Amino acid sequence: MLTLKTWIVQALFIFFTTESVGELLEPCGHIKPESPVVQLGSNFTAVCVLKEKCMDYFHVNANYIFWKTNHVTVPKEQYTVINRTASSVTFTDISLLNIQLTCNIRTFGQIDQNVYGIRIISGLPPEKPKNLSCIVNEGKKMMCQWDPGRETYLETNFTLKSEWATEKFADCKTKRDIPTSCTVDYSPVYFVNIEVWVEAENALGKVTSDHINFDPVDKVKPNPPHNLSVSNSEELSSILKLTWINSSIQSFIRLKYNIQYRTRDASIWSQIPPEDTASSRTSFTVQDLKPFTEYVFRVRCMKEDGKGFWSDWSEEASGITYEDRPSKAPSFWYKIEPSHTHGYRSVQLIWKTLPPFEANGKILDYEVTLIRWKSRLQNYTVNDTKWTVNLTNDRYIATLTARNLVGKSDAAVLTIPAYNFQGNLAESKCYLITVTPVYTDGPGSPESIKAYLKQAPPSKGPTVRTKKVGKNEAVLEWDQLPVDVQNGFIRNYTIFYRTIIGNETAVNVDSSHTEYTLSSLTSDTLYMVRMAAYTDEGGKDGPEFTFTTPKFAQGEIEAIVVPVCLAFLLTTLLGVLFCFNKRDLIKKHIWPNVPDPSKSHIAQWSPHTPPRHNFNSKDQIYSDGNFTDVSVVEIEAANDKKPFPEDLKSLDLFKKEKISTEGHSSGIGGSSCMSSSRPSISSSDENESAQNTSGTVQYSTVVHSGYRHQVPSVQVFSRSESTQPLLDSEERPEDLQLVDNTDSSVGNLPRQQYFKQNCSQRETSPDISHFERSKQVSSVNEEDFVRLKQQISDISQSCGSGQMKMFQEISVADAFGLHTEGQVERFETVGTEAAVDEGMSKSYLPQTVRRGGYMPQ
Amino acid sequence: MRAQLMRRTLLSLVLGLLFLSTPAMGSCLDNYQELLGQLQKQADFMQHTSMLLDPYISIQGLDKDGLKEHCQERPGVFPSKDVLQRLSRQEFLQILNTTLGHVLHRLRTLQKDILKAQDLEKLNIAKLNIRGFKNNIHCMAQLLPGSLEKTEPTPTGPGASPSPTPISDAFQRRLEGCRFLHGYHRFMHSVGQVFREWGQSLSRSRRHSPRRGLRKGKHRTHLSSRNKRLMPRGWLPR
């Protein structure tokens, strides 16, 4: 009571201390910030500033300030007195969405007075809108929607912005109740890309979604096709044709479709394969439908390229396929009733109506035919499902077909037995007993069973045979026994098999089998097998069958042979490869290289070519003494086609010389310098050379081919150290001459004959032509050079000075290997050559002749 | 040669100024083929008289026998197909842009005679389509290479002349509007054909050259990135 009085006094005091109403409402201070919006989980500081006037009046300062949130005093630890008039409070990790914060002072030590109050709103800044997508419903304006992100607890505005490259559209503001979508207020413009994005904004921030840029035509949801109709075809009972009208969007874009259908009473839709309806159309024929069946259809469409959205489904439309002839005969039965007329009986034929899926149309009537034994056919047309007829006591065959608009069904056949029919059942004979239920509306499904009056053992056993015989197993097979010999129900089979010396083994096999595999057999063994079939009354053996298991299993031989063959093949291959790799070694040891004389060549060099002392570094590779004597003899043939007899003679001489110098220094060319009978060009290395070649039969050949396919103009004699016998052409110079003649007749070139010799080259390579060799011989020592000159001077003594000079040139040049392809010059023969040759017969060296003169040696 | 250069410079200046007036907006489609396809399709559906002429005739009551015959294009109002085909691509785009600007202006005039909101909506859609077309022209101009293809002087044609002098007679005014729209649809048909020729020449050039599109080292390479705004620069270099 006292407390109450105190409060009343305080209140009155306050009331009376205020001078006016305005002053009464005037706050004693204020809080900053005034209306804060704080992010949830963040810190917040508010400052309360007292007015001086109030402070003086109440005798308070900032120290007297205390804070309350939602009427609860905030602990003083959170206060901070900034100065005499201001005090702040700090809240960490704001979690409440809505806080009432008041700044209070305690006046007179006991009266709490509220100075100012604010409301703190908490929330979250907007998240970036995601999944922005737009749709253009045909005939309507574009609508975009997005995922706004988390709840912000604040009022958040979403603005859909859109623009072209050249134009900006008005913002689309969302409605408060649907903040996740917005429909623009302008018509969509197809085929112009538009850029769209969303801005989300609240008191805590503004955020923009990703921009999307698209052609509105790619976001179209067309209106569904309309006026869908279904029509059938009289020609084909399995098709229905749909037609519809496309929406007006078709004038802008091409469409594709989904067509679904179902039978009237079905609930599940079937769909036409989409690839069949992937292009713009206004009709489609659905195939493989059942005849005379009602189908329901619906269609939808979308942009052909799949961009955009499917339209809604069209209104459903239905149609019935055309009739087809009944696919099955109606099942029917008969009832026989006694007739009043003697010799006749009343037979009622009854049948079932076909179900729609078999009738394939409306059944118009039924056609019944009756055939009596050896009598003619009688046809009756019946509209009902039963028909009564008086028949004689004979046996009849009745047929029934159902007919619709298209055609008739297959016929159902029924035998009506004769009146006095009685069966004589025999033992061990199989009977098929069929029972057909007859209901009021016709017969039901018949059931059949096989039966024997009495069983007996089979009259014949099954014949067994092998289907496949392996090393350790055999597959046996047999045929089911014919019904006539079964004499009962075959319960099982027994297979007996044995070897000649072994015990018989029996295996029981179920009667349903016609095949059995005997396993664990011994290989390469003769087996005897027989089989018995058993009824309930006993069994009967079949004939015996023999077979022999093979020694090897299938593929066993191949498994052995193939690897062996492969190994052999591999070995052979490796051997061949080895031989191929080591062919030089093998060739060296087994058959050394035998030169082919026919491939011998001799180089040509020209007396016109001045000797070149080409002592280059390359030439130095030849050691001293490798090249000692060189003589060159040229035989020039006359220009006429006929060979000179002197030439032939000289060739004979060569031949003779070859024989005479055999074992010493053989060969035509070789003898020119190596034989003692040829002092003119003999050299000091003669003997040495002879020794080097003593093991071989050296001979010369006459090369009658041009260098590198050039037309030969000269006949070249070359020395060879081959041990190979001379070829015919070489041994018969006549032939050679003939060839030469032929050549000369072809080419009207001046004919020359070179006879060149390299007597002392140690590393003999007999089949290398002189020309080639001369190229190889690249260095000659001074001694050789002097000796060569000496030889030349010897020759020149018997020749004209001019000719000698020429010869010198040739000899020296050749000796130093200066001849190259392009440097070979030809000497022309002169007419006097023949005479000179004759004079030279002893040395048998043809003479080198220069144009305009001939120098005999 | 000098005159030609001067002419090109002037053309570039005109087009540059034309598009300078356009504020920097969203990005253009940077695929030449796609953009050309869009232009073709736009021209295809804008040539249909159902877009403008037919409703206009119906609205203005000109769908009477004997009146339709008078609704024929007035020669010289729109460039002929022949003229359009002879223009270089840049010139063609410029003419197209200018002509469509005039069409827009004329449609605003025609709008005054349309009272029904439903009809106005149709007209507004048509205008928006034309603005969209102009947008694509702008984008195409940025994709084209800087060189003028045709160097020989070509008559630029009159273009769609600005709205004629006001006609006091209401009927004549309607008839003029009808003729104008008739010419507009014919013009768009020709435009579609020219764009189709562009497509054909592109496929031909592709057969002969592996170079993709017509971008020829121009600044604009990837316009899809949204920051590629229309820069204030000469529309046609050179």
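Structural data are supplied above this passage.
Residues numbered from 1 in each chain as written. Chains lettered and ligands numbered in written order. Predicted model: local features only at pLDDT ≥ 70, side-chain atom pairs only at ≥ 80, totals over all residues. Heavy atoms only, no water.

A. Geometry of a nonpolar patch on the surface. Residue and element names in this part refer to chain A. Together, Phe552, Ile557, Ile560, Val561 and Val564 line one region of the surface with nonpolar side chains, adding up to about 440 Å² of accessible area. Take Phe552: it is sitting in the loop between strand E44 (545-548) and helix H6 (556-581). For Phe552, a relative accessible area of 39% corresponds to the partly exposed category. (Patch = residues over 30% accessible without salt bridge, like charges linked within 9 Å, V, L, I, M, F, W, Y side chains within 5 Å. Areas by Shrake-Rupley, 256 points an atom, 1.4 Å probe, with all protein chains shown as cover. Salt bridge = Lys/Arg side-chain N within 4 Å of Asp/Glu carboxyl O. Helix = DSSP H or I, 4+ residues; strand = E, 2+ residues; numbered from the N terminus. Buried < 20%, exposed > 50% of the residue type's maximum accessible area, 1.4 Å probe, protein only.)

B. Focus on the sheet that holds strand E32 (residues 412-416) of chain A. All names here are of chain A. The strand order across the open sheet formed by 4 strands is E29-E28-E31-E32, and the pairing between neighbours is antiparallel. For this open sheet the edge positions go to strand E29 (377-382) and E32, each flanked by a neighbour on one side alone. Direction aside, the axes of adjacent strands within the sheet are offset by 20 degrees on average. The pairing of strand E28 (residues 365-372) with E29 spans 6 bridges and is classified as antiparallel. Residue pairing in the sheet places Leu370 in a bridge with Gln378 of E29. (Pairing = 2+ DSSP bridges. Axes fitted to C-alpha atoms, helices over the stretch in contact; angles between N-to-C directions.)

C. Quick peek at the state of the cysteines. Residues and elements named next belong to chain A. Taken as a whole, this structure holds 6 disulfides over all chains when the rule is applied. Through a disulfide, Cys48 is tied to Cys103; the S-S separation comes to 1.9 Å. Taking the sign of the torsion about the S-S bond as the criterion, the disulfide between Cys48 and Cys103, at about -85 degrees, is left-handed. Placement of the pair is Cys48 in strand E3 (residues 44-50) and Cys103 in strand E8 (residues 98-107), with a sequence separation of 55 residues. Assigned by exposure class, Cys48 and Cys103 land together as buried. There is a disulfide in this structure between Cys134 and Cys144, and the S-S distance comes to 1.9 Å. Since a negative S-S torsion denotes a left-handed disulfide, the Cys134-Cys144 link at about 105 degrees is right-handed. With Cys134 in strand E10 (residues 130-137) and Cys144 in strand E11 (residues 142-147), the pair connects residues that are 10 residues apart, well separated along the chain. For the pair Cys134 and Cys144, a shared accessibility class is recorded, and that class is buried. (Disulfide = S-S within 2.5 Å.)

D. Region of interest: the side chain of Gln113 of chain A. Looking at the secondary structure, you find Gln113 of chain A in strand E9 (residues 111-123). When near neighbours in sequence (up to four residues on either side) are disregarded, Gln113 of chain A contacts Phe58, Cys103, Asn104, Ile105 and Thr107 of chain A. (Contact = heavy atoms within 4.5 Å.)

E. Structural view of the pairing of strand E40 (residues 505-510) of chain A. Residues and elements named next belong to chain A. Bridge count for strand E39 (residues 492-499) against E40 is 6 bridges, and the pairing is antiparallel. In the sheet register, Tyr497 faces E40, and the bridge partner there is Thr505. In sequence, E39 turns back onto E40 through a hairpin of 5 residues.

Purely geometric numbers; function is a separate question.
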